[in-house]
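# An overview of the molecular structure
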Amino acid sequence: MNKPTINQQKQCLSYIRFSSSKQHGNSSVDRQSPIAERVAKENGWIYRPDWNAKDLGVSAFKGDNVKTIRTIIQSVTDGKIPQGSVLVLESLDRATRMKLDDAQQLIRDVLKGGLEIYTDMNRRHLTAKSLNSITDVMLTAVELDAAHQYANRQSERATKGIDKQIKAIEKGEKIYIGGQMPSYIRGVENGKFVIDEERLKAVRHIFAEYQKGTSLFKIAIQLNTGGFITGLKRKKVNKWDRQTVRHILSNKAYTGDYSLRGTTYKNYLPIQVVSNKEFDVIQDKIKLNATRRGGSTSGNVNSIFNGVAKCSVCSSPMTAIISTDNGKRYSYYCCSSARYGKCKAKGFLKTLEYELDFCVTFLEKNPLDLIKKSDQKTLDNSSSLKAQLLDVEKKIESAIQLLDIGTGVDTIKAKLSSYKAVKTKIESELENESKSIQTAQNIPSAVATIKNLLGNFGAVNKEVKVPKYDLAFEFGKSEKKFDEAVKQCQALLKDNEIRKQLKAVIPQLVKRVDFNVQLGGYTITKHSGEISEFFEVDNPTMPKEESD
């Protein structure tokens, strides 16, 4: 069977980066993560999360992330990512903060390599043609240089701060460096570290249990249900989870040693929770366990509901859990919060049953009945805002060209500042409008893609044309043919390549799918905000305890 492919609609991927590992899980990731999917919807593109790349805790100032960027370029060269696909960034400084010459070369390599770049912060779309546009070249150079200068100032300030800390440590002084310190240290008083005994108790429990062989997940459950103080020092962390437990286990400061700029100060910290030898064994175990976990390491798509599967009780993401029984592999959905005791929706839903019901539901219904077109007034207002934005961007470009000539610099700078304020206001209004728009032109192509992917659904949908069709009538011709089609759909849903493409296209069709563990079914929320009727799934649940 020939593998179906997504039609030739423009596709996009996301690149997310932040510099400090301390930023993991905070607003940096939360801010960047939804951008590409939103931009795809606004522009009528296909979002391909299976192509996404991340550099978490990696410096763009030092160029440590360049390898990842060049891997993306190589994927285009190898044909894994089509020419003309769009790399979506929050801003250019996510890709590079190197010196201007090196930064410009990297951007040139991306564009000449067949990728386009879209930066969400200023809504600029760069292509290979941009390399020969004086305006695009100047704007890009200004943005790249500003990113480097900012990072350079940050680096200088950090260097001075570390120099001061090193001098204090070498004098034997006790200094408190906030998040870099173990969670049980609250500060310094009278030249001594202040110990938080409750946090120390939780830390000791984590190391002791992990050394016994208890999983990260089960340790988190123990902490949440055993009366331990919650999370780390950050106020936002009010529950333990696997990631927080791993963070504790990976912090070498719990050996009692403290490292700064490559120098280790032995026994600088007041308490040794584990020895250095024990710590090294724990790190090896964490790495080994990471390779044994399912899903992304093997490239399998465990869930086709990318980012849209939610718990009907608490709205947390539904997680696909893989288990093995007597040599057979099973997949189930469960509420990610329920796993940690944060939600009462406990139970497991059979992945394939829900995916099959969802796909058949879409094939039985007219897609335009499931997805309501945006209100015309909203579309007209959005078009007007885009025209205004284009006009002010032209004025900014003209002002930059005048600056290059060097005439009336102060006046032009004042105008630039005024234009920038107007541009920011328009962009804010446009973003609000865009949130309520479901691009109508995207609907038929998305449905066509699903039809194409599941095109071997017997002869049932052979003559169907998008968007005017009624498969319910066709299915009604033959119950036997329908049963055969369902079986064929089940087989197709086990094909990982097809799953990857479905995962990319489903978010274009629906805003979210809410799974109800207790009732064994789901509802669909359309991009218009309208919620569908409840779809009950036959034989939907699997009552069993989860093993981690």
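The notes below deal with the structure included here. (Residues numbered from 1 in each chain as written. Predicted model: local features only at pLDDT ≥ 70, side-chain atom pairs only at ≥ 80, totals over all residues. Heavy atoms only, no water.)

Scanning the entire structure with this criterion turns up 19 salt bridges. Connected through shared salt-bridge partners, Arg31, Glu90, Asp93, Arg94 and Arg97 make up one network. (Salt bridge = Lys/Arg side-chain N within 4 Å of Asp/Glu carboxyl O.)

So, about the pairing of strand 7 (residues 185–189). Along a regular strand, successive side chains alternate from one face of the sheet to the other. Of the pairings in the sheet, the one linking strand 7 to strand 8 (residues 192–195) comprises four bridges and is antiparallel in character. Looking at strand 8, one finds that Ile185 is bridged to Ile195. Remark: two residues form the turn of the hairpin made by strand 7 and strand 8, two consecutive strands paired antiparallel; Asn190 in that turn has positive phi of roughly 55°. (Pairing = 2+ DSSP bridges. Helix = DSSP H or I, 4+ residues; strand = E, 2+ residues; numbered from the N terminus.)

We now examine unusual backbone geometry. With a phi angle near 55°, Asn267 is a residue other than glycine that sits in the positive phi range. Inspection of the secondary structure puts Asn267 in the loop between strand 10 (263–265) and helix 9 (276–292). Classification of Asn267 by relative accessible area gives exposed; the value is 57%. A positive phi is found at Ser315, a non-glycine position, where the angle reads about 70°. Relative to the helices and strands, Ser315 resides in the loop between strand 11 (309–311) and strand 12 (318–325). You can call Ser315 partly exposed: its relative accessible area is 38%. (Buried < 20%, exposed > 50% of the residue type's maximum accessible area, 1.4 Å probe, protein only.)

Residue position: Ala36 is located in helix 2 (residues 35–43). Ala36 sits in the buried class, given a relative accessible area of 0%. Here the alpha-carbon distance between Ala36 and Cys12, two residues 24 residues apart in the chain, equals 7.3 Å. In this view, Ala36 contacts Cys12, Leu13, Ser14, Tyr47 and Val88; residues no more than four positions away in its chain are not counted. (Contact = heavy atoms within 4.5 Å.)

Our focus in this paragraph is the nonpolar core. Nonpolar side chains tend to gather and get buried jointly when the protein is soluble and globular. By size, the foremost hydrophobic cluster in this structure holds 39 residues, and its most contacted members are Phe207, Val245, Leu249, Tyr268, Leu269 and Val273. Within the residue set of this core, elements represented by two or more residues are helix 5 (134–170), helix 6 (197–212), helix 7 (216–225), helix 8 (242–249), strand 9 (258–260) and helix 9. Not counting residues within four places of it along the chain, the set of residues in contact with Leu249 comprises Ile206, Phe207, Tyr210, Leu216, Phe279, Ile282, Gln283 and Ile286. (Core = buried A, V, L, I, M, F, W, Y, C linked by side-chain atoms within 4.5 Å.)

Quick look at the packing of helix 7 against helix 8 now. Contact geometry for helix 7 and helix 8: axes closest at 8 Å, N-to-C directions at 100°. Comparing the axis directions of helix 7 and helix 8 gives the class roughly perpendicular. Residue-level contacts link Leu216, Phe217, Ile219, Ala220 and Leu223 of helix 7 to Arg242, Val245, Arg246 and Leu249 of helix 8. When the residues that make up the contact of helix 7 with helix 8 are grouped by side-chain class, the tally is seven nonpolar, no polar and two charged. (Axes fitted to C-alpha atoms, helices over the stretch in contact; angles between N-to-C directions. Parallel < 35°, antiparallel > 145°, perpendicular 65-115°, else oblique. Nonpolar A, V, L, I, M, F, W, Y, C, P; charged D, E, K, R; others polar.)

Looking now at the sheet that holds strand 11. In spatial order, the strands read 11-15-16-17; together these four strands make up an open sheet with mixed pairing. For this open sheet the edge positions go to strand 11 and strand 17 (535–536), each flanked by a neighbour on one side alone. Across three bridges, the pairing between strand 11 and strand 15 (residues 512–516) is parallel. Across the sheet, residue Cys311 finds its bridge partner in strand 15, namely Phe515.

The next point concerns the packing of aromatic side chains. Applying the stated rule across the entire model yields 14 aromatic pairs. Here Phe515 and Tyr522 contribute two aromatic rings whose centre-to-centre distance is 6.3 Å and whose plane-to-plane angle is 40°, an arrangement assigned as tilted. Here the two residues Phe515 and Tyr522 agree in accessibility, since each one is buried. Pairwise contacts between aromatic rings join Phe305, Tyr333, Tyr354, Phe358, Phe515, Tyr522 and Phe535 into one cluster. The ring of Tyr268 has Lys174 lying over it, and the distance from NZ or CZ to the ring centre is 4.5 Å. (Phe/Tyr/Trp six-rings, centres within 6.5 Å; stacked < 30°, edge-to-face > 60°. Lys NZ or Arg CZ within 6 Å of the ring centre and 35° of its normal.)

Before going further, it helps to examine helix 3 (residues 66–77). The end-to-end C-alpha separation of helix 3 is 16 Å, in line with the 16 Å expected for 12 residues at 1.5 Å each. Where helix 3 is buried, its residues touch strand 1 (11–18), strand 3 (53–56), strand 4 (86–89) and helix 4 (100–112). Directly beyond the C-terminal end of helix 3, a positive phi value near 85° is found at Gly79. (Expected span 1.5 Å × (residues − 1).)

One way to put it is that helix 6 packs onto helix 8 with a least axis distance of 10 Å and a crossing angle of 90°. Considering their axes alone, helix 6 and helix 8 lie roughly perpendicular with respect to each other. Contacts between helix 6 and helix 8 pair Val203, Ile206, Phe207 and Tyr210 from the former with Val245, Ile248 and Leu249 from the latter.

A few words on the environment of Gln283. Mapped onto the elements, Gln283 comes out in helix 9. Relative accessible area serves as the criterion here: at 17%, Gln283 is assigned to the buried category. C-alpha separation for the pair Gln283 and Asn251, spaced 32 residues apart in sequence, amounts to 9.7 Å. Every residue in contact with Gln283, bar those within four places of it in the chain, is listed here: Leu249 and Ser250.

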